[in-house]
Structures are given as C-alpha cells and as structure tokens.
Amino acid sequence: MCAGYVNCIQSRTVGLALIGCLLASCAPVLPRVFLFASYLLSMCYFPQLFAEVICSGHSTILIPSILFILSCTPSLDHEVQSRSEWPLILIRIYICSGYFASGMCKLLCGARFGKFWGMGPTLQYYIFDALWSRPAGPTVRRIQETAITAPRIMTFLATSSMFFEIGFISAPFSDMMSVFFGLNGLAFHAGIMLFQVLPP
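Since the structure is predicted, the reported quantities are computational estimates derived from the model, not experimental observations.

Things to note about the nonpolar core
- The biggest cluster of nonpolar side chains holds 11 residues, and these are Trp117, Leu123, Ile127, Leu131, Ala147, Ile148, Met154, Ala158, Met162, Ile166 and Phe195.
- Secondary structure elements with two or more residues in this core: helix 6 (121–133), helix 7 (138–148) and helix 8 (151–167).
- Element by element, the count of residues in this core is highest for helix 8, at 4 residues.
- Once residues within four sequence positions are removed from consideration, Met154 is found in contact with Gly118, Met119, Gly120, Leu123, Gln124, Ile127, Ala147 and Ile148.
- Counting residues in each nonpolar core, the second largest holds 7 residues, with Cys96, Phe164, Phe168 and Phe181 among its members.

A closer look at unusual backbone geometry
- One non-glycine residue, Leu30, adopts positive backbone phi at about 50 degrees.
- By the element assignment, Leu30 lies in the loop between helix 1 (3–24) and helix 2 (31–49).

Quick notes on the pattern of salt bridges
- Scanning the model with the defined rule gives 3 salt bridges in all.
- Notably, a salt bridge pairs Arg92 with Asp175, separated by 3.0 Å at the nearest N-O pair. With Arg92 in helix 5 (residues 86–113) and Asp175 in helix 9 (residues 175–196), the pair connects residues that are 83 residues apart, well separated along the chain.
- Between Arg141 and Glu145 there is a salt bridge whose closest N-O contact spans 3.2 Å. Within this pair, Arg141 and its partner Glu145 are both found in helix 7, separated by 4 residues, close to a single helical turn.
- Taking relative accessible area as the criterion, Arg141 reaches 24% and is therefore assigned partly exposed.

Remarks on helix 6
- The end-to-end C-alpha distance of helix 6 is 18 Å, a good match for the 18 Å that 13 residues give at a rise of 1.5 Å each.
- The set of residues buried in helix 6 consists of Leu123, Ile127, Ala130 and Leu131. Down the axis, helix 6 shows its buried residues gathered within 105 degrees of arc, on one side only.

Points about the packing of aromatic side chains
- Evaluation of the coordinates by the stated rule reveals 14 aromatic pairs.
- Between Tyr99 and Phe188, the ring centres sit 6.5 Å apart and the planes meet at 70 degrees, which makes this aromatic pair edge-to-face. A residue pair is termed long-range when its members are at least 10 positions apart, and Tyr99 in helix 5 and Phe188 in helix 9 qualify at 89 residues. Across the pair, Phe188 and Tyr99 agree in class, each one buried.
- With centroids separated by 6.3 Å and ring planes inclined at 70 degrees, the aromatic side chains of Phe128 and Trp132 adopt a geometry described as edge-to-face. Placement of both Phe128 and Trp132 in helix 6 is noted, with a separation of 4 residues, approximately one turn of the helix.
- Overall, Phe128 belongs to the partly exposed group, its relative accessible area being 43%.
- An aromatic cluster of three or more residues is present, and its members are Tyr99, Phe164, Phe168, Phe180, Phe181 and Phe188.
- Lys106 extends its terminal NZ or CZ atom over the ring of Trp117, reaching a point 5.1 Å from the ring centre.

Cut-offs and rules
- Residues numbered from 1 in each chain as written.
- Predicted model: local features only at pLDDT ≥ 70, side-chain atom pairs only at ≥ 80, totals over all residues.
- Heavy atoms only, no water.
- Core = buried A, V, L, I, M, F, W, Y, C linked by side-chain atoms within 4.5 Å.
- Buried < 20%, exposed > 50% of the residue type's maximum accessible area, 1.4 Å probe, protein only.
- Helix = DSSP H or I, 4+ residues; strand = E, 2+ residues; numbered from the N terminus.
- Contact = heavy atoms within 4.5 Å.
- Salt bridge = Lys/Arg side-chain N within 4 Å of Asp/Glu carboxyl O.
- Expected span 1.5 Å × (residues − 1).
- Arc of directions from axis to C-beta.
- Phe/Tyr/Trp six-rings, centres within 6.5 Å; stacked < 30°, edge-to-face > 60°.
- Lys NZ or Arg CZ within 6 Å of the ring centre and 35° of its normal.

Structure below.
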C-alpha cells in the first residue's frame, strides 16, 4: 500500500472525526469537551490541507484558536447557566487583531523600505498570478485585466483595503462598528475571491 494512499485515508479519517466532534458539540451533552476535541483535531487536519491549496493559510489560521476559546466558555454548559459574554468579546478582539496586524504590517514595512504598500503593485501581482495559475471565465478575466491595467484602481483598492484592516481594531468596542466592519469584511473577501479566483 503506497504512502500517499495511507495519508489520504488518515486525512479523511481526521476530517470526518473533526466534523463529528463539531456536530456533537451542538448537542447539550458535553459541548465543551467536543469543542476541545475539535480543537485538537483541527491542529491535525488543517496542516495537511496547506499543501493541497494554492493560496496561503489565512483561511484556516483562525479556526483552532476560536475552537479553543469556545471550549473554555462556561456559558455553553447547561448546568452552569452563565450569561457571560467574555468569550464573544475575546473572539471579536482576536479576529480584529489579525486584521489590524495585517494592515499595520503593510503600513510599517512600506515605511521601513520607503515604498507605500497602497500604491498597488502587490495587489496587481496577486491578480496577475491568478490570471495564469487559476484561469477564470471570460467575464471575470475581463474584470481582472481591466483592474491590473488601471494603476489608479489598484492604488484605490490597495490603500482602502489597508486602512480597512487598520480600522478593524475599533470593531470590538461597538456593536454598530462590529456590524459595519463585518459587512465590509464580507465585501472585502468577496472582492478577493473575485479578483484572485480562490480555489473552493
């Protein structure tokens, strides 16, 4: 039996176990135990996916930490009857800190190397790479070609995305800001999926 086949079986087994634990955590019996098991299984499952995808690990980096926070949430235990909201606030802060760190990294690295990240060449490269490595349909391809040949569009999109990420740090402290940045985050990632044609 070849090693690749064994690895495939192991990956599927861990993936099914992860799905099973996540479903079991929705039941009233020991939800935190199943969430902690999901956290451990996610640490075994998602690193295996990294070699299978073209893009970076951004899509899976938040999941283990959020599962761990949820496994420490007393309000999930029916016996405790806690109404504490600290886990939700902590999850908000954690997600926002990731966006904020990304935006500040772009800003500070640009200052360090004397080139403003928001000028757009990096974003232009991402879209250009997608044109050849992940070909899309004619409509999306036309949008991509229009974008990368228009420096002002690239500058606007890159600059606004960077300041969107930096501004995300204000979201945990206001329900209105959370909704605002949440909706903008959906639009932000929809734009990434459109321009970079991310694999399913």
